[in-house]
Amino acid sequence: MRICVFDTAQQACKAAAAMIASQVIRKPNSVLGLATGSSPIPAYQELIRLYREGILDFSETITYNLDEYVGLTEQHPCSYHFFMQDQLFDHINIRKENTHVPDGHSEHLDETARAYDEAICAAGGIDMQLLGIGRNGHIGFNEPGSQFIYGCHVVNLSQSTIEANTRFFDSEKDVPRQAISLGIGSIMQAKTVLLIATGKDKAQAVHDSILGDVTPQVQASILRTHPEAIFFLDRDAAALL
Ligand code: GLP
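Residues numbered from 1 in each chain as written. Predicted model: local features only at pLDDT ≥ 70, side-chain atom pairs only at ≥ 80, totals over all residues. Heavy atoms only, no water.

Engineer: Please provide a residue-by-residue account of empty space enclosed by the protein, values included.
Structural biologist: In this structure the tally under the stated criterion is 1 cavity of 30 Å³ or more. Each pocket or cavity is described by its volume, and for the largest cavity that value is around 30 Å³. Taken together, Leu32, Leu34, Phe58, Thr61, Thr63, Leu88, Ile92 and Ile94 make up the lining of the largest cavity. A breakdown of the residues in the lining of the largest cavity according to their chemical character gives 6 nonpolar, 2 polar and no charged. (1 Å grid on protein atoms, 1.4 Å probe; cavity = no way out; pocket = protein on both sides within 12 Å on 5 of 7 lines; lining within 4 Å. Points joined across faces, edges and corners; volume = space filled by probe spheres on them. Nonpolar A, V, L, I, M, F, W, Y, C, P; charged D, E, K, R; others polar.)

Here it is in structure tokens:
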């Protein structure tokens, strides 16, 4: 595992974007695992800039997103489907059929989750997985618990996640209580994992992930056992290291 600390969030995200850019240049049909949340937004902006400058071509790139809220339609402005279109896909030349976000609106969520894992496997697995981190150390929506769950699954969101994500909704009661999330297995099978953590709200989770025990209570701590995991941190997120 490597830890890179930058002065600003912008610099941390730019460095992560450079890794993704080099992956896409080396292998145009890369399978990228993508994340939502506010942390990766500057990285997506940098990828869009590189595309507009003619440096990147996403026409063969395949993406699988980490997670989606249960019960929101693709058009809901707080859905991760909407987020990805709005923040990245609408601004680059990726093919719609090559982008994948779990269907949180499915009537058969367990089946949907199983099919999502199978599709990733059939695509050859994830080459490069981008992650944010929750204030409680979650990755995707793998919440603190008694075990690491291997496959894509339906999650009951923890109260701390509901509170942290209320800022995207009108009020706390509008935040979905469940999500569908890639499991730790697919994340750990990615050849390279990039985690972006910025801001002082993430300092404790970053500290516990890097310096605490490897434990399902802090899901990101499993990344310490990944041979190619890189943490991109700004000074605030690295403050407790
Ligand atoms: C959500 C997402 C995570 C993300 C986390 C942190 O819970 N499921 O994938 O890492 O939020 O979001 P932010 O970067 O906005 O702090």
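Okay, back to it.
Engineer: Which residues make up the environment of Ser38, and what are the values?
Structural biologist: Examined against the element boundaries, Ser38 turns out to sit in the loop between strand E2 (31-34) and helix H2 (41-52). For the pair Ser38 and Ala197, spaced 159 residues apart in sequence, the C-alpha to C-alpha distance is 10.0 Å. Excluding residues that lie within four positions of it along the chain, Ser38 makes contacts with Arg167 and Phe168. A distance of 3.1 Å separates the side chain of Ser38 from the side chain of Arg167, its partner in a polar contact. (Helix = DSSP H or I, 4+ residues; strand = E, 2+ residues; numbered from the N terminus. Contact = heavy atoms within 4.5 Å. Polar contact = N/O pair within 3.5 Å; in protein donor to acceptor, adjacent residues only side chain to side chain.)

Engineer: Could you give me a rundown of the sheet that holds strand E8 (residues 178-181), with the residues and numbers involved?
Structural biologist: Spatially, E4-E8-E7 is the arrangement adopted by the 3 strands of the open sheet, whose pairing is antiparallel. Across the chains shown, the open sheet's two edge strands, defined by having one partner strand only, are strand E4 (67-69) and strand E7 (153-156). In this sheet, neighbouring strand axes are inclined to one another by 25° on average, regardless of whether the strands run parallel or antiparallel. Note that E7 and E8 share 4 bridges and pair antiparallel. Counted as the bridge partner of Val155 is Ala179 from E8. (Pairing = 2+ DSSP bridges. Axes fitted to C-alpha atoms, helices over the stretch in contact; angles between N-to-C directions.)

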